[in-house]
Amino acid sequence: MTKKYAALLRGINVGGHKKVPMAELRSVLEELGHGDVQTYLQSGNAVFSAAEQDPAALARRLEAAIEAHFGFRVACLVVDGDHLRAVADACPFPAAELEGKQLHATFFSEQPAADRFAALAAADFLPEEFRLGDRVLYLYAPQGLGRSKLAEALAKPAVVKGVDSTTRNWNTVVKLVELTGS
């Protein structure tokens, strides 16, 4: 039985670094034997179906294939459509009332310990806020991610060291839920 997944590539096609054309990414995924391959935007979002049931194994194989094809390593997170749907459904912020650039989801390769975030004084960042979910962090940044002091603090090594993560705006999360059919 096949399952739908989204591959979230970290840090590609930004400022001319780590260029990964989406047509080539689709080819890499197809060469790995995946079906129903689609990409979304140029920022490293792909959807595919696979019989494999282990997202971490899928991510490792995709990372190896990307490195072999492009000559550089790219961290990849693979999440199944059910997890994407659960992330959307569990959003603690009023997503329907916000612009997509104001709400973000940072996906983690594993659940980070909550105490990693304890040193962040929430009041110091208001009106920005974050909440932890299941292998995801929801970030409300009313001025957008580029101006977010909280996003900067959340990206510090003391918070994310040892855990692969990548962030998507809410519009992308909603589209990936749609594309995975969940």
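Just above sits the structure.
For the peptide bond that leads from Leu126 to Pro127, omega is 10°, which places it in the cis range. Topologically, Pro127 is positioned in the loop between β5 (103–108) and β6 (129–132). Despite not being glycine, Asp36 has its phi angle at roughly 50°, a positive value. In this structure, Asp36 sits in strand β2 (residues 35–40).

In this section: the sheet that holds strand β7 (residues 136–140). Spatially, β6-β7-β5-β8 is the arrangement adopted by the four strands of the open sheet, whose pairing is antiparallel. The open sheet is flanked by β6 and β8 (165–169), the only strands paired with a single partner. Taken over all neighbouring pairs, the strand axes of this sheet differ in orientation by 20° on average, direction set aside. Of the pairings in the sheet, the one linking β5 to β8 comprises five bridges and is antiparallel in character. Its bridge partner lying in β8, Ala105 is registered against Arg168. Lying over the sheet, helix α6 (residues 170–179) contacts β5, β7 and β8, oriented at roughly 95° with respect to β8.

Of the pairings in the sheet, the one linking β6 to β7 comprises four bridges and is antiparallel in character. Within β7, the position partnered with Glu129 by the bridge is Tyr140.

Right, let's talk about α6 for a bit. All buried positions along α6 are accounted for by Trp170, Thr172, Val173, Leu176, Val177 and Leu179. The N-cap of α6, judged by a side-chain oxygen 3.0 Å from the amide nitrogen of Asn171 a few residues on, is Asn169.

Below, the discussion takes up the pattern of salt bridges. Considering all chains together, one arrives at seven salt bridges under this definition. Taking the shortest distance from any N to any O, the salt bridge between Lys3 and Asp80 comes out at 3.3 Å. One end of the pair, Lys3, is in strand β1 (residues 3–9); the other, Asp80, is in strand β4 (residues 76–80), with 77 residues separating them in the sequence. Among the residues examined, Lys3 registers a relative accessible area of 23% and is labelled partly exposed. The partner of Arg85 in a salt bridge is Asp89, with the nearest N and O atoms 3.1 Å apart. Here Arg85 pairs with Asp89, and both are found in helix α3 (residues 81–89), just four residues apart, close to one helical turn. The exposure class assigned to Asp89 is exposed, which follows from its relative accessible area of 55%.

What follows covers the sheet that holds β1. With antiparallel pairing, four strands are arranged side by side in an open sheet as β2-β3-β1-β4. Each edge of the sheet is formed by a strand with only one pairing partner; in this case those strands are β2 and β4. With direction set aside, neighbouring strand axes in the sheet form an average angle of 20°. In this structure, β1 lies alongside strand β3 (residues 45–50), joined through six bridges in antiparallel fashion. Across the sheet, residue Leu8 finds its bridge partner in β3, namely Asn45. Docked against the sheet, helix α1 (residues 22–31) engages β1, β2 and β3, running at close to 155° with respect to β2.

What counts, and where the lines are drawn
- Starting from 1, residues in each chain are numbered consecutively following that chain's sequence as written.
- In view of the model being predicted, local features appear only for residues whose pLDDT reaches at least 70, and side-chain atom pairs are presented and counted only at 80 or more, with totals across whole chains, interfaces and linings using the full set of residues.
- Side-chain numbers come from the whole structure's heavy atoms, not from hydrogens or water.
- Secondary structure counts use DSSP, requiring at least four H or I residues in a row for a helix and at least two E residues in a row for a strand, with both numbered from the N terminus.
- Any two strands with at least two DSSP bridges between them are considered paired.
- To obtain an axis, a line is fitted to C-alpha atoms, over the contacting stretch when the element is a helix, and the angle between two such axes runs from 0 to 180 degrees between their N-to-C directions.
- Residue contacts are counted whenever heavy atoms from the two residues lie within 4.5 Å of one another.
- Summary of the burial criterion: residues with accessible area below 20% of their type's maximum are buried, those above 50% are exposed, and those between are partly exposed, where the area comes from a 1.4 Å probe applied to protein chains only.
- Any N or O atom pair separated by 3.5 Å or less is treated as a polar contact, with the protein-specific requirement of one donor-capable and one acceptor-capable atom, and with residues adjacent in sequence counted only for side-chain atom pairs.
- Counted as salt bridges are all cases of a side-chain nitrogen of Lys or Arg within 4 Å of a carboxyl oxygen of Asp or Glu.

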